[in-house]
Structures are given as structure tokens and as C-alpha cells.
Amino acid sequence: MTLNKYSALFCTALLAASSTAGAAGIEKGDKTLSIFGSLTFANDSDTLLLSGAFGQFMTDVLELQGQVMMISSDSDSYDYSVTGVGVNANYYLPGNNPDLVPYFGGGGQLIFVDAGGDSDTELGLNAQAGIKQFLNESTTINYQGMFITSDSYDATILSIGLTIFLE
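Overview of the structure. (Residues numbered from 1 in each chain as written. Predicted model: local features only at pLDDT ≥ 70, side-chain atom pairs only at ≥ 80, totals over all residues. Heavy atoms only, no water.)

## Some remarks on the layout of surface pockets
Right, so step 1: Roughly 210 Å³ of internal volume is contained in the second largest pocket.
Right, so step 2: If you go around the second largest pocket, the residues you meet are Ser38, Thr40, Thr47, Leu49, Ile71, Tyr80, Tyr153, Asp154, Ala155, Thr156, Ile157 and Leu158.
Right, so step 3: Of all the secondary structure elements, the ones that give two or more residues to the lining of the second largest pocket are β1 (31-41), β2 (45-57) and β8 (154-166).
Right, so step 4: Considering every element that reaches the lining of the second largest pocket, the biggest residue donor is β8, with 5 residues.
Right, so step 5: Taken together, the residues of the lining of the second largest pocket break down into 7 nonpolar, 4 polar and 1 charged. (1 Å grid on protein atoms, 1.4 Å probe; cavity = no way out; pocket = protein on both sides within 12 Å on 5 of 7 lines; lining within 4 Å. Points joined across faces, edges and corners; volume = space filled by probe spheres on them. Helix = DSSP H or I, 4+ residues; strand = E, 2+ residues; numbered from the N terminus. Nonpolar A, V, L, I, M, F, W, Y, C, P; charged D, E, K, R; others polar.)

## Some words on the pairing of strand β4 (residues 79-92)
Walk down a regular strand and you will see the side chains alternate between the two sheet faces.
Right, so step 1: The pairing of strand β3 (residues 62-75) with β4 spans 13 bridges and is classified as antiparallel. The residue of β4 that forms the bridge with Asp74 is Asp79.
Right, so step 2: In this structure, the hairpin formed by β3 and β4 is closed by a connection of 3 residues.
Right, so step 3: Direction of pairing for β4 relative to strand β5 (residues 100-115): antiparallel, over a ladder of 13 bridges. (Pairing = 2+ DSSP bridges.)

Structure follows, in C-alpha cells:
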């Protein structure tokens, strides 16, 4: 069985386990702590992505976040790392099901790139969209797609993360 099959089985089990999610809601003043991560093993490289954000809802549908991101890739012929620090604004679209809340947003980052010994600092922009699936009143699983662009670095990142709503 390949790693992709294990990933598919894990995601299916996770969704099945979370099908008993309790009623939830987002309110002005809520504070959030989010963590995203992935580890990819390929034939010629290994890549680690870690991302974290701290946010606060300014209204019932608008969240402002501070974000930190780290990507490190080790390959047979080329190593690089990217570190980003920035801010995001996410707009939430609550619907009939309070346990599934889609969102979209964007922001800016200060990006530090180290590619094969050459270092550079750049300004970058990002756009993201996703869905928060509430497991209970204070915990969500996030399914997110993000696009990041700067002068020398572009990336499309699909990830799953966890958000905890802080009291």
C-alpha cells in the first residue's frame, strides 16, 4: 500500500469520526490558534511545511490573523528554505450548516528565501480559501488551499490543519 492510499484512508477515517460534530458558531471577539503541517517524501526530495496563525474575529464574519510559515526542502541536488511572517484577513460565509463554514481571504508576507546558499528577503502576497469543519464548539479541522507569490517564489499549498477557539 502506498503513502497516498494511507493518506486517503486516514482522511476517510477522520471525516467519519468527525460526523458527530456539535453545533458551533463564530462570534465577534473569538480568538483562534491554527496549525497546518505536512511532510512529503518524494523520489528525490523531502519537504516539510509548518504554518501557524493567531487570529481574532473583528465581526461575526471577518477574522484578522498574524501568520508564520516555514517550508524546508532537502533534495539530492538542491536544498532550499522559505520562512514567511505576515498578516491575513479571512471573510467567512456562514450558511445553513453551522458546522461547515467556508472562507476566503488574502494577505501579505515578508518572505525570507534561502536557495542553495543564496539568501533573499522579499515581499509576498497570498490568497487562500477553505472550509472550517467544527468538531465541537471550540475545535475545527481546516481544509485550505493557499497561493503564495513573490519575486522569486510561487507556491500552491493544499493543506489540512486544526484550529482551536480560545476563550
